[in-house]
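Listed below are the residues making up each chain.
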Number of protein chains: 2
Amino acid sequence: MSDVNKAIEYAHENHERFLTELSEFIKIESISADDTQKDKVTEAAKWVAAHLRKIGIENVKLMDTGGHPIVYGDYIKKPGAPTILIYGHYDVQPVDPIELWETPPFETSVKGDYIFGRGTSDMKGQMMATINAVEAVLKIGEFPINLKFLLEGEEEIGSKNLPAFLPANADLFKADFCLNPDAGMISPSEPTITFGLRGLAYFEVHVYGPAQDLHSGMYGGTVHNPAQALAELIAGMHDANGTVTLPGFYDSVRAVTEKEREETEKLPTTPESYLQQTGAPALWGEKEYTPALRTGARPTLDVNGLLSGWTGAGTKTILPAKAMAKISCRLVPDQDPSEIYNQLVKYMEINVPETINWEVKELNKSPWSITNLDTNGIRALHKAMESVWGCAPLYRREGGSIGVVAMLQNICGVESGLVGGSLPEDNIHSPNERMHIPTWHKNIDAFIHFFFNMK
Amino acid sequence: MSDVNKAIEYAHENHERFLTELSEFIKIESISADDTQKDKVTEAAKWVAAHLRKIGIENVKLMDTGGHPIVYGDYIKKPGAPTILIYGHYDVQPVDPIELWETPPFETSVKGDYIFGRGTSDMKGQMMATINAVEAVLKIGEFPINLKFLLEGEEEIGSKNLPAFLPANADLFKADFCLNPDAGMISPSEPTITFGLRGLAYFEVHVYGPAQDLHSGMYGGTVHNPAQALAELIAGMHDANGTVTLPGFYDSVRAVTEKEREETEKLPTTPESYLQQTGAPALWGEKEYTPALRTGARPTLDVNGLLSGWTGAGTKTILPAKAMAKISCRLVPDQDPSEIYNQLVKYMEINVPETINWEVKELNKSPWSITNLDTNGIRALHKAMESVWGCAPLYRREGGSIGVVAMLQNICGVESGLVGGSLPEDNIHSPNERMHIPTWHKNIDAFIHFFFNMK
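Everything numeric here is computed off the predicted structure, so don't read it as measured data.

A. Fine view of the overall build of chain A. In terms of regular secondary structure, chain A is built from 14 helices and 18 strands. Rg of the C-alpha trace for chain A: 23 Å, near the compact-globule value of 23 Å for 455 residues, within the 12% margin. Each principal axis of the C-alpha atoms in chain A carries an extent, and together these give about 85 × 50 × 45 Å. Out of the 455 residues belonging to chain A, those deemed buried represent 58%. The contacts in chain A between residues at least 6 apart in sequence include a share of 80% that link residues at least 24 apart.

The following block contains the structure:
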């Protein structure tokens, strides 16, 4: 039996234990957005570090970033062989709205082919698939290449300390290629390599009217209602076609080429699949682009949250003193995340009436990325996926943002292979997040192939 | 010394005790909007009932309305003399946003001429002023007229059970005039009789998009964001002039007459006074009407609350599944509160795109009212105010809504005298509600005069 097959056999024999370990990991409520949960996030870092040590990874340490720590580890025994950097994040999204979860978010439950829990799909499960694959290869003999780990705790809050941390530790994370399983697949039967990610710029927009909530009967009609004023401002941020109206927003957006149009038309995503995945009554957006291009190649602006006045049960007849919106933009080449703040401020300067005071707070930003596909790493991934699924992977640009990818390119010169077993129906960032267990198993196998393909 | 002066002397001697009793009353957290506080609201009803019994009012009882009880009581010893119905409400507004209160809302504190606490001005304080005046007159001798009490616990939630309760008990509440101290004054030196109130129609507007919150990177730009869709709908509910765009909204609105324009120009309220009272950066609204006419004689539409998606600290990159707005309209003659629901639904039917599902819930409605000023009750109030303040009262239409006024007119044939010591700067419905104690004392005196003037 070849080493690759021995490792795959080892993995298959340990599937049940891998799932139990994942459930332990999910239990740790590592919500990075929640400042009151800081200890839980650190606990998750320590859990991963202990797990890496247990399987034989060396030099494991928690590195201070100013925020949640980076878990580093390495296994460097093959001078001259390539070094793979394995990326992962051990933090998860908030669970709100908690009332829509059918099972407790931090106690996994298995139903049919799925395991449910916050972080199963995004991405504790995906990260453990790489670590399980490493374990399998380590257990059956000599590791064919060198390994490093970069596991962060702030991906879900925009990797906000990485831009300072990574340049300060650029040598430590130098590698020939980064395996990043945070991107997902189009469907369980369609292995996917993501080569484009959108950037992100996230804001809070605050509008202020009267000094405090007013009696709507005494002052309604004489004072501009901040909730209404905010609605007017938000409504103006798109035109009727769904195009964003921030001044200069599209100035540096690369035009979609005919080739890109043709390639995305090969993807199995259709308007119908979008409708089915989302449950939306109808699709929406720029008519001159397909849904796949709208999310992959075009920048967008979304309202992530709205809050003003009385939102409890029943009636309160106030004219609220203020209103707030969380607004974020997904960015594409060659938009500069830092410029979006200026464009939003410019929009407000032009459109806010004298009846309203306002403030825009930048919460975070991360750059877009396009992966160079002409590398040994991508070829090794391609071949690994073919071995496991029996077909060539699809190549796509994705709508999400993973800040580390561009940073590794720009700061460490490392290209990333964006893969992973997360599926569109996994409810990531939503209630009832789940992971497809058979796909998870296939990814463990694919990662084992990948390590041997790289040697 | 005349009886009226004896009663006033009694009141002055007991000012301190009256304030202590009011503080006890304020302590009871009778927030009618909060279903979890039902017991507290009933406790307030019982407190008032006990107090009425203590000062000598007879037949005091709590009457079931299906919601919070009505406190009834009477003192009928003068056959042939007029009967005055004293109206009040013992429920209060919610205290949210609690963090803006400088002192606990349900523990009164006195600073200078003001007593602070939820309900001091709206309207436990005003209600106690009438009851204190009744006590003073009762203590010094024979009561010159007959009395009935109608004290409700649902004014702040639109008196929603009164429309069924009042017709079923119309005879019990028949009276020659209703003293209603829930309306307030323009300033401490300007006694005011309010002769017009606006009606109210209060709704929740819900919009629904995808089946659940989506990852904004995966679906932003392809699914109409419900928070954005709601913003677009709200933005369209007013035109650039601040005029409401619901279909048919102004069809039955009585035009403001030249006489009304002239009369409101006599009022001391100016754009500057509105700015000072509200702290708004600039005034807003229909340019062809003065602020006093906008709130008194024109209907309005206000957003009372907005909620969608992630509103906690930090970032969550979702496209929310839904969004909600609390929206209410203040109504003027001859608008029918029941029609506004149809107009809002019509607006939604015309304007909601196929990308969004929606629902409009009617939370409550109450009719506008115009008081007949040619009555003995109004003349007795006018004279009472002149005696205390040394000047004639001002007559105004007010922007607020007190459902009982039109119901008493229509169901019991009783006209109301809308007065009270609530001042524009009292922060009613807002944090740090307060009441001006010297004005409160003057109102007790005025009510004593009023009872004697009515005989």
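B. Structural view of helix H11 (residues 337-351) of chain A. Residues and elements named next belong to chain A. Across its 15 residues, H11 extends 22 Å between first and last C-alpha, which sits within 8% of the 21 Å expected from 1.5 Å per residue. If you check which residues of H11 are buried, you get Pro337, Ile340, Leu344 and Tyr347. What you see down the axis of H11 is that its buried residues fit within an arc of 55°, all on one side. What points out from H11, more than 90 degrees from its buried face, is the exposed set Ser338, Glu349 and Ile350. On its buried face, H11 is in contact with strand S9 (199-208), strand S13 (322-331) and strand S14 (357-366).

C. The packing of helix H12 (residues 376-389) of chain A against helix H14 (residues 437-453) of chain A, seen in detail. All names here are of chain A. Close contact between H12 and H14 brings their axes to 8 Å; oriented N to C, the two are set at 135°. One finds that H12 runs oblique with respect to H14. Considering only the axes of H12 and H14, their crossing is right-handed. On H14, the residues that touch Ala380, Leu381, Lys383, Ala384, Met385, Ser387, Val388 and Trp389 of H12 are Lys442, Asp445, Ala446, His449, Phe450 and Asn453.

D. Representation of the nonpolar core in the model. Grouped together as the largest cluster of nonpolar side chains are 231 residues, with contacts concentrated most on A:Ala133, A:Ile448, B:Ala133 and B:Ile448. Ignoring sequence-local partners within four residues, the contact set of A:Ala133 consists of A:Ala11, A:Ile444, A:Phe447, A:Ile448 and A:Phe451.

E. Broad picture of the sheet that holds strand S5 (residues 114-116) of chain B. Residues and elements named next belong to chain B. Read across the open sheet, the three strands follow the order S4-S5-S18; overall the sheet is antiparallel. The open sheet terminates on both sides in strands that have one partner only, identified here as strand S4 (109-111) and strand S18 (434-436). Ignoring which end each strand starts from, the neighbouring axes of this sheet average 25° apart. Each of S5 and S18 touches helix H14 (residues 437-454); the most contacted strand, S18, lies at about 60° to it.

F. Main features of the pairing of strand S3 (residues 83-89) of chain B. All names here are of chain B. Across the seven residues of S3, six count as buried, placing the element largely inside the fold. Inspection of the sheet shows S3 paired to strand S6 (residues 146-152) by seven bridges, in the parallel sense. The partner of isoleucine 84 across the bridge, within S6, is leucine 147. Taken together, the three bridges between S3 and strand S7 (residues 177-180) define a ladder with parallel strand orientation. Each bridged residue has a counterpart across the sheet, and for leucine 85 the counterpart in S7 is cysteine 178.

G. Region of the structure containing the interface of chain B and chain A. Facing 85 residues of chain B, the contacting portion of chain A comprises 86 residues. The element contributing the most residues to the side of chain B that touches chain A is strand S11 (residues 300-309) of chain B, with nine residues. For the side of chain B that touches chain A, the residue count by class is 35 nonpolar, 38 polar and twelve charged. Bridge count between strand S11 (residues 300-309) of chain A and S11(B): five bridges; the pairing is antiparallel. Considered in S11(B), the bridge of A:Leu307 is made with B:Leu307.

H. Spotlight on the relation of the copies chain B and chain A. Least-squares fitting of chain B to chain A yields an RMSD of 0.0 Å, with the superposition described by an axial translation of 0.0 Å and a rotation of 180°. Such values leave the two copies arranged in the relation of a two-fold axis. Across chain B, the smallest distance between a C-alpha and the rotation axis is recorded for B:Ala231, namely 2.1 Å. Of the interface residues in chain B, 100% have counterparts in chain A that sit at the interface too, so the contact is made through matching surfaces.

I. Quick peek at the packing of helix H4 (residues 120-140) of chain B against H14(B). Residue and element names in this part refer to chain B. The N-to-C vectors of H4 and H14 enclose an angle of 50°; their axes lie 8 Å apart at closest approach. Classed by the angle they form, the pair H4 and H14 counts as oblique. For the crossing formed where H4 meets H14, the hand is right-handed. Here Gly125, Ala129, Thr130, Asn132, Ala133, Ala136 and Val137 of H4 come into contact with H14, specifically with Trp440, Asn443, Ile444, Phe447, Ile448 and Phe451.

J. Highlighting the domain arrangement of chain A. All names here are of chain A. Along its sequence, chain A is organised into domain 1 (3-197 + 368-453) and domain 2 (199-253 + 299-365). The gap between the C-alpha centroids of domain 1 and domain 2 is 35 Å. Grouping the constituent residues of the side of domain 1 that touches domain 2 by class yields three nonpolar, three polar and one charged.

K. Quick peek at the pairing of strand S2 (residues 70-75) of chain B. Residues and elements named next belong to chain B. Of all six residues making up S2, five are buried, and the element is well covered by its neighbours. Sheet topology note: the strand S1 (residues 58-63)/S2 ladder contains four bridges and is antiparallel. Counted as the bridge partner of leucine 62 is valine 71 from S2. Note: S2 against S6, five bridges, orientation antiparallel.

L. Fine view of the sheet that holds S14(A). Ordered by their spatial adjacency, eight strands build an open sheet running S14(A)-S9(A)-S13(A)-S11(A)-S11(B)-S13(B)-S9(B)-S14(B), and the pairing between neighbours is antiparallel. The outermost strands of the open sheet, each flanked by one partner alone, are S14 of chain A together with strand S14 (357-366) of chain B. Each adjacent strand pair in this sheet contributes to an overall mean axis angle of 20°, direction not counted. Here strand S9 (residues 199-208) of chain B runs beside strand S13 (residues 322-331) of chain B; their pairing, made up of ten bridges, is antiparallel. When the sheet's bridge partners are listed, B:Glu204 is paired in S13(B) with B:Lys326. Most of the contacts of H11(A) go to S14(A), to which it runs at about 165°, and overall it touches S9, S13 and S14 of chain A.

M. Quick peek at unusual backbone geometry. Following B:Asp96, the chain continues into B:Pro97 via a peptide bond in cis, with omega recorded as -5°. By the secondary structure assignment, B:Pro97 is in the loop between S3 and S4. The step from B:Pro333 to B:Asp334 runs through a cis peptide bond, and the omega angle for that step is -5°. Within the fold, B:Asp334 resides in the loop between S13 and helix H11 (337-351). Residue A:Asn432 is not a glycine yet carries a positive backbone phi of 60°. In this structure, A:Asn432 sits in the loop between strand S17 (416-418) and strand S18 (434-436). Despite not being glycine, B:Ser159 shows a phi value in the positive range, around 45°. Residue B:Ser159 is classed as buried on the basis of its 27 C-beta neighbours within 10 Å.

N. Summary view of the environment of B:Ile193. All names here are of chain B. The topology assignment puts isoleucine 193 in strand S8 (residues 192-197). For isoleucine 193, a count of 20 C-beta atoms within 10 Å puts it in the buried group. With 22 residues separating them in the primary sequence, isoleucine 193 and aspartate 171 have C-alpha atoms 27 Å apart. Beyond its immediate sequence surroundings of up to four residues, isoleucine 193 is in contact with Ile378, Leu381, His382, Pro393, Tyr395, Gly417, Leu418 and Val419.

Conventions we followed
- Here the residue index of a chain counts from 1 through its sequence in written order.
- Naming scheme: in the order in which they are written, chains are lettered from A and ligands are numbered from 1.
- Predicted model: local features are reported for residues with pLDDT of at least 70 only, side-chain atom pairs are reported and counted for 80 or more only, and whole-chain, interface and lining totals are derived from all residues.
- Put simply, DSSP marks the helices as runs of H or I at least four residues long and the strands as runs of E at least two long, and each gets a number from the N terminus on.
- Computation of the radius of gyration draws on C-alpha atoms, with the globule rule given as 2.2 Å multiplied by the number of residues to the power 0.38.
- Here exposure depends only on C-beta density: within 10 Å of a residue's C-beta, 20 or more other C-beta atoms make it buried, 12 or fewer make it exposed, and intermediate numbers make it partly exposed, the C-beta atoms being placed from the backbone.
- By the convention adopted here, residues are in contact when the distance between their C-beta atoms, placed from the backbone, does not exceed 7 Å.
- Multiplying one less than the number of residues by 1.5 Å gives the expected span of a helix.
- Relevant arc is that of directions from the helix axis to the C-beta atoms, nothing else.
- Between N-to-C directions, angles cover 0 to 180 degrees, with each direction set by a line fitted to C-alpha atoms, over the stretch in contact for helices.
- Here the angle decides the label: under 35 degrees means roughly parallel, over 145 means roughly antiparallel, 65 to 115 means roughly perpendicular, and every other value means oblique.
- By convention the crossing between two helices is left-handed if the near helix lies anticlockwise of the far one by an angle smaller than a right angle, and right-handed if it lies clockwise.
- Put simply, a nonpolar core is buried Ala, Val, Leu, Ile, Met, Phe, Trp, Tyr and Cys residues tied into one set by C-beta atoms within 7 Å.
- For two strands to be treated as a pair, DSSP must find at least two bridges joining them.
- Each residue gets one label: Ala, Val, Leu, Ile, Met, Phe, Trp, Tyr, Cys and Pro are nonpolar, Asp, Glu, Lys and Arg are charged, and the others, such as Gly, are polar.
- Alignment of copies: least-squares fit on C-alpha atoms of residues with pLDDT of at least 70 in both copies.
- Here the bounds of each domain stem from an automatic or database domain assignment.

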